[in-house]
Amino acid sequence: MVALAGFGAMPAMAQAPLIGTSVVTDNTTDSRTDGAISLKLEVDNDTSVEQLEAFINPVAPTNVRFLIASNGPDAVLFYSAPVAVGAGAQWVQSPAFNFTLLAGQRYEIAAMVEGQAAFPWGLTQLSENGLTAFPQNGNPTNFAAPTNIGQSAGVVPHFRIFGSAQAASGPVAVPALPFFALLLLGGLLVLSGMRRLKR
């Protein structure tokens with residue numbers, strides 16, 4: 001099932017990204033037509049994604065749509081409304097949305113370009129805030145309805161992911177009472193019992 005985001009482009013997110021793969025410096029570029037070089041991502045904790053940014057270099061003014069797909073089974077989970085962009089190297093922002101990446105899952109994230117664009121990439125695995133980007137990119141095609149999800153190559157395209165990571169769930173620790181508090185509580189119970197005996 002494909003979810004469409006019906007929001008317009010938003011200003012750049014004020015907070016720092018959960019992960020930013022553009023810090024990888026061992027990079028070069030490859031071109032794609034009506035497709036993308038996708039980011040392969042593994043998630044440690046449930047993570048709410050609010051906006052994506054991709055660094056691309058379209059050869060002419062065009063449209064970009066942001067894709068989130070599952071890997072295993074391979075399926076499109078989210079496909080944004082189109083974002084109009086000019087030609088040249090640039091950061092492109094997705095419309096604002098809300099999507100939860102689930103702990104223990106692998107995802108494929110892409111900026112699908114209508115027409116031709118170059119996609120800078122690096123080769124280094126990167127982990128930040130419970131998200132790990134692997135040099136195992138995909139190559140989704142078909143801007144209108146993405147296909148070829150789940151392919152695996154060997155690079156990390158330049159992305160920024162904004163949102164919030166949820167803490168790992170678990171039992172809540174209850175602090176132990178200090179020894180003197182236990183003594184005081186015991187004394188109060190004894191006095192209460194004595195008063196009842198006197199009655």
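Rules used in this analysis
- In this numbering scheme, every chain counts its residues from 1 along its sequence in written order.
- Owing to the predicted nature of the model, reporting of local features is limited to residues with pLDDT of at least 70; listing and counting of side-chain atom pairs is limited to 80 or more, with chain, interface and lining totals taken over all residues.
- To get the side-chain values, all heavy atoms of the structure are used, and hydrogens and water are removed first.
- Secondary structure elements follow DSSP: runs of H or I no shorter than four residues count as helices, runs of E no shorter than two count as strands, and numbering proceeds from the N terminus.
- With a 1.4 Å probe rolled over the protein chains alone, any residue whose accessible area is under 20% of its type maximum counts as buried; one over 50% counts as exposed, and the rest are partly exposed.
- In this analysis, two residues are considered to be in contact whenever any of their non-hydrogen atoms come within 4.5 Å of each other.
- Accessible surface is estimated by sampling points in the Shrake-Rupley manner with a 1.4 Å probe; for residues, cover comes only from the protein chains shown.
- Strands qualify as paired when DSSP identifies two bridges or more between them.
- Per residue, pLDDT measures the predictor's confidence, with a range of 0 to 100.
- Polar contact criterion, stated in full: a pair of N or O atoms within 3.5 Å, where within protein one must be able to donate a hydrogen and the other to accept it, and residues adjacent in sequence count only if both atoms are side-chain atoms.

## A look at the overall build of the protein chain
Step number 1: A tally of regular secondary structure across the protein chain gives 1 helix and 16 strands.
Step number 2: Counting the 199 residues in the protein chain, one finds 39% classified as buried.
Step number 3: Here the contacts in the protein chain between residues at least 6 apart in sequence split such that 82% fall between residues at least 24 apart.
Step number 4: For the protein chain, the exposed surface amounts to about 10300 Å²; the carbon and sulfur share of it is 59%.

## So, the pairing of strand β12 (residues 116-122)
Step number 1: Most of β12 is tucked away: 6 of the 7 residues are buried.
Step number 2: Pairing of strand β3 (residues 28-33) with β12 involves 6 bridges; the strand directions are antiparallel. Looking at the pairing, T33 lines up with Q116 of β12.
Step number 3: Here 2 bridges tie strand β5 (residues 47-58) to β12, and the two strands are oriented antiparallel to one another. Bridge pairing in β12 links P58 to A117.

## Points about unusual backbone geometry
Step number 1: Residue G72 is joined to P73 through a cis peptide bond whose omega torsion reads -5°.
Step number 2: Structurally, P73 can be placed in the loop between β6 (62-70) and β7 (75-80).
Step number 3: Even without glycine at this site, D34 takes up a positive phi of about 55°.
Step number 4: Within the secondary structure, D34 sits in the loop between β3 and β4 (38-43).
Step number 5: D34 gets classed as partly exposed once you look at its relative accessible area, which sits at 33%.
Step number 6: One non-glycine residue, N148, lies in the positive phi region at around 60°.
Step number 7: With respect to the secondary-structure elements, N148 resides in the loop between β14 (131-138) and β15 (156-157).
Step number 8: Looking at N148, the relative accessible area reads 39%, which means it is partly exposed.

## Remarks on the confidence of the model for the protein chain
Any segment with low pLDDT has predicted coordinates that should not be analysed in fine detail.
Step number 1: In the predicted model, the protein chain carries a mean pLDDT of 83, and the fraction of residues at 70 or more is 75%.
Step number 2: Across residues 1-12 the pLDDT falls below 50, and counting only partners more than four positions away or on other chains, this stretch makes 28 contacts in the model.
Step number 3: This stretch, residues 170-177, has a pLDDT under 50; its non-local contacts, to residues over four places away or in other chains, come to 1 contact.

## With respect to the side chain of N137
Step number 1: With respect to the secondary-structure elements, N137 resides in strand β14.
Step number 2: A polar contact of 2.9 Å, which involves the side chain of N137, links it to the backbone nitrogen of V155.
Step number 3: With residues near it in sequence (within four places) discarded, N137 still touches I37, S38, K40, Q151, S152, A153, G154, V155 and P157.

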